[in-house]
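Structural features, examined
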Amino acid sequence: MTGRPRPAIAALPAYKPGRSAAVVEEERGILDAIKLASNEAPFGPLPSVAGAISSGIEQINLYADHRATALREDIATAHAIDVDQVTVGAGSAGILQQLLLAYCDRGDRVAMCWPSFEAYPLFAMLAEAEQDRVPLRDETFDLEALAGAITADTKLVFLTNPNNPTGTTVGTDEIETFLQRVPTTCIVVLDEAYAEFVTDVRVADSTPLIAHHDNLIITRTFSKAHGLAGLRVGYAIGHRDIVSMVDRTLVPFAVNELAQRAAQASLAASDEMRERVAQVVSERERVAAALRADSWTVPDAQANFVWLPVREAAEELGIELEQRGVVTRAFPDVGVRVTIGDVASNDRFLAALADCGVGPR
Ligand SMILES: Cc1ncc(COP(=O)(O)O)c(C=O)c1O
């Protein structure tokens, strides 16, 4: 071992990103693989976003605005809140990590339902916080049980809506009831990475909740609906005290100039963004209906992916799909998550699934 790494870091498993089509092609000796593994958008940048990125290239000899003032202002306007209630980071994952660094010390507790976003446990371990994981109920966040798991030592609780990897949602009323049960000393992180894809009428805009709950911080991203995953920009809205703590942990200039410009341009093109989201939602409904017609169990899909809770068959199904050139995300003994792509990719997935040895369950 070179040097003396912190034991918590030496014990930390690396974050496992979805496998790329190129890696799978190489490994399996196949051609034309497609990646439906990381919940990315199937579209390239909107023309106005591409234009903003191109014009920003002229500036890349300069540091970006560390505070991302113009972008924060646009986000504040979009949510009708004050600019000091907004922070931006290197993807919403960056902000989630910042939240853990800002609020958790060794031995503090972090609560979440599980399975959920795989980065939460890693960030908790980074801060040497202890985790309390509450099982999902019917593939959905069990807010009753989650509230019950919160103790005086719980510094932070994750609420993922829609949840990743299951794609299910809880209603805004339920979140309100949950918030009333959480002690104000515990930060509630409402992770809304997939909010734009939600069509469930029980889910309303959660922004008004921050006016009544000072311990609530809502995280959003430009990676999914806005299709800017490669630029790394996300944001959080909440009480200015939380924003100020999160800001202290931001790596200098972590959100680069191109990312800031692209995010601003994408906010300005929200109608076009929503049209693209509508296409993904329509494909999601088509794929889910096709799967159900084929007797697969598919929980209500409210994000840009579908979830096959195939339990012990997950790994085998993931491999069978990969052998047919469709790269998905298998969570061993839990299920397989499949990103909604363009029409042709979704058809490839459905055909591969019908062809493979794992039958509907
Ligand atoms: C639930 C959830 N939160 C946060 C993220 C982080 O996304 P990003 O860092 O690209 O904003 C993801 C990414 O897949 C996610 O699924």
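All values reported here derive from a predicted model rather than from experimental measurement.

**Observations concerning the site of the ligand**
Around the ligand, a shell composed of 13 residues is seen, among which Ser92, Asp191, Tyr194, Thr221 and Ser223 lie nearest. Interatomic distance of 2.6 Å between a backbone N/O atom of serine 92 and an oxygen atom of the ligand. Taking threonine 221, its side chain carries an N or O atom lying 2.5 Å from an oxygen atom of the ligand. When isolated, the ligand has an accessible area of 390 Å², and the protein chains bury 93% of it. Broken down by element, the shell around the ligand gets its largest block of residues, three residues, from helix H5 (residues 91–103). Class assignment of the residues belonging to the shell around the ligand gives a composition of four nonpolar, six polar and three charged.

**Notes on the packing of aromatic side chains**
Inspection of every chain in the model, using the stated rule, returns six aromatic pairs. Pairing phenylalanine 117 with tyrosine 120 gives two aromatic rings, centres 5.5 Å apart and planes at 90°, and the pair type is edge-to-face. Like phenylalanine 117, the residue tyrosine 120 is buried in the burial classification. Judged by centre distance (5.8 Å) and plane angle (65°), the rings of tryptophan 307 and phenylalanine 331 are edge-to-face. Here tryptophan 307, found in strand E9 (residues 305–308), pairs with phenylalanine 331, found in strand E11 (residues 329–331); they are 24 residues apart in sequence, far enough to count as distant. Owing to a relative accessible area of 0%, tryptophan 307 belongs among the buried residues under this scheme. Residue class for phenylalanine 331 comes out buried when judged on its relative accessible area of 10%. Linked through ring pairs, Phe117, Tyr120 and Phe158 together constitute an aromatic cluster. For arginine 133, the ring lying beneath its charged end belongs to tryptophan 114, and the centroid distance is 4.3 Å.

**Overview of the sheet that holds E11**
Reading across the sheet, the three strands line up as E9-E12-E11 and stay open at both edges, with antiparallel pairing between neighbours. Looking at the sheet topology across the chains shown, the edges are occupied by E9 and E11. Here the average twist between neighbouring strands, direction ignored, is 20°. By the bridge criterion, three bridges tie E11 to strand E12 (residues 335–339) in an arrangement that is antiparallel. Opposite alanine 330, over in E12, you have valine 336 as the bridge partner. Relative to the sheet, helix H13 (residues 314–323) contacts E9, E11 and E12, its axis offset from that of E12 by approximately 35°.

**Quick word on the sheet that holds strand E8 (residues 234–238)**
Within the open sheet, the seven strands sit side by side as E2-E8-E7-E6-E5-E3-E4. Their pairing is mixed. Every other strand in the sheet has two partners, leaving strand E2 (86–89) and strand E4 (130–135) as the edge strands with one partner each. Averaged over all adjacent pairs, the angle separating strand axes in this sheet is 20°, with direction ignored. As paired strands, strand E3 (residues 109–114) and E4 are joined by six bridges and run parallel to one another. Paired with cysteine 113 across the strands is valine 134, a residue of E4. Here helix H4 (residues 69–79) sits on the sheet and contacts E2, strand E7 (216–221) and E8; the angle it forms with E2, its principal contact strand, is near 130°.

What counts, and at which threshold
Residues numbered from 1 in each chain as written. Predicted model: local features only at pLDDT ≥ 70, side-chain atom pairs only at ≥ 80, totals over all residues. Heavy atoms only, no water. Near = heavy atom within 4 Å. Polar contact = N/O pair within 3.5 Å; in protein donor to acceptor, adjacent residues only side chain to side chain. Areas by Shrake-Rupley, 256 points an atom, 1.4 Å probe, with all protein chains shown as cover. Helix = DSSP H or I, 4+ residues; strand = E, 2+ residues; numbered from the N terminus. Nonpolar A, V, L, I, M, F, W, Y, C, P; charged D, E, K, R; others polar. Phe/Tyr/Trp six-rings, centres within 6.5 Å; stacked < 30°, edge-to-face > 60°. Buried < 20%, exposed > 50% of the residue type's maximum accessible area, 1.4 Å probe, protein only. Lys NZ or Arg CZ within 6 Å of the ring centre and 35° of its normal. Pairing = 2+ DSSP bridges. Axes fitted to C-alpha atoms, helices over the stretch in contact; angles between N-to-C directions. Contact = heavy atoms within 4.5 Å.

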